[in-house]
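Structural characterization, general
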Amino acid sequence: MSPAATNIFTLTHNSKLPDLLDANKQWCEKTTQEHPSLFRDFNAHGQTPHTLFIGCSDSRYNEACLGVIPGEVFTWKTIANVVSDKDLTCRATLEFAINVLKVNKVVICGHTDCGGINTCLAMKRAALKNGKCDHLFEYLQDIDDLYHDHKSDLLGVTNSAKVQSSMLSKYNVQKQINNLLAIDTVKEALERKDIEVYGLLYDVATGLVEQVSENK
Ligand SMILES: [Zn+2]
């Protein structure tokens, strides 16, 4: 939040359960006004999402950046949108979305100013091994490897930490797309021409997404 901004968010750290329930009622009324048939005629009868959206867990974006409403997009969010064939959640999500729900698009959407990426960029990952974030330390290995692979490119292009961070976010989307393409479920669906795979980057400062990898 910029120093001059007044709060525009629905809930705060001080909010309790009644506030959450009240906020839900208001959201429900607003959504029903905008889309009177959404819950009754569509979501009540199941889901047929067209897209699997894989993004970072960051609070500043989600699949809604594509302008979609509930029922269109199956979503998995994980820190720094890391895709790994060793991650059971990742494998299960891909299998369910592609083989059961039959989505025909898989999107990996990274974002600018990513905490996971900034931690590795600032070489602060080691500090996470403090008894409170040891799993996070281990989890960020893939991003740390990515940073070391691209360290000289980043330093060669700019001294700006902000620009380096955006560059690393783009490299990360490309890396995670490659990880995704190596997973059987995705490989087979691509061979059957059942899906297309897109790599995108969301800009938290503008709300816009840009394409950062070739279509597969
Ligand atoms: Zn992030």
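Identification of the protein as Carbonic anhydrase from Lachancea meyersii CBS 8951 is taken from an unreviewed UniProt entry. In the Sequence similarities (unreviewed entry) part of its UniProt record, the protein is described as follows: "Belongs to the beta-class carbonic anhydrase family." Per UniProt, the protein has the following entry under Catalytic activity (unreviewed entry): "hydrogencarbonate + H(+) = CO2 + H2O".

A few words on helix α8 (residues 184-191). Thr185, Val186 and Ala189 are the residues of α8 that are buried. The arc enclosing the buried residues of α8, seen along the axis, measures out at 95°, which places them on a common side.

As a benchmark, a tetrahedral metal site with four donors has ideal angles of 109.5 degrees, while an octahedral site with six donors has ideal angles of 90 or 180 degrees. Looking at the zinc ion, the protein donor atoms are Cys56 (SG), His111 (NE2) and Cys114 (SG), and they sit 2.0 to 2.3 Å from it. We note that the donor set of the zinc ion lies within a single chain, spaced as C-x54-H-x2-C. With a gap of 58 residues between them, Cys56 in the loop between β1 (51-55) and β2 (73-77) and Cys114 in the loop between β3 (105-111) and α4 (115-121) connect regions that are remote in the sequence. Under the relative-accessibility criterion, Cys56 is labelled buried at 5%.

Two faces belong to every sheet, and in a regular strand the side chains alternate between them. The element strand β4 (residues 196-202) is largely enclosed, with a buried count of five among its seven residues. Direction of pairing for β3 relative to β4: parallel, over a ladder of seven bridges. Residue Gly110 lies in a different strand from β4, and its bridge partner there is Leu201. Across three bridges, β4 lies against strand β5 (residues 209-211) in antiparallel orientation. Following the sheet pairing, Tyr202 is matched in β5 by Val209. Connecting the antiparallel pair β4 and β5 is a turn made up of six residues, with Gly207 showing a positive phi of about 85°.

In this section: the packing of aromatic side chains. With the rule as written, the count across this model stands at four aromatic pairs. What links up through ring pairs into an aromatic cluster is the set Phe53, Tyr61 and Tyr202. Seen from the ring of Tyr61, Lys77 lies directly overhead, with NZ or CZ sitting 5.2 Å from the centre. Over the ring of Phe137 we find Arg125, and its NZ or CZ is 4.0 Å from the ring centre.

Rules behind the numbers
Residues numbered from 1 in each chain as written. Predicted model: local features only at pLDDT ≥ 70, side-chain atom pairs only at ≥ 80, totals over all residues. Heavy atoms only, no water. UniProt positions renumbered as here; feature names shortened; annotations may be inferred. Buried < 20%, exposed > 50% of the residue type's maximum accessible area, 1.4 Å probe, protein only. Helix = DSSP H or I, 4+ residues; strand = E, 2+ residues; numbered from the N terminus. Arc of directions from axis to C-beta. Donors = N, O, S within 2.8 Å, 3.2 Å for Na, K, Ca; no water. Pairing = 2+ DSSP bridges. Phe/Tyr/Trp six-rings, centres within 6.5 Å; stacked < 30°, edge-to-face > 60°. Lys NZ or Arg CZ within 6 Å of the ring centre and 35° of its normal.

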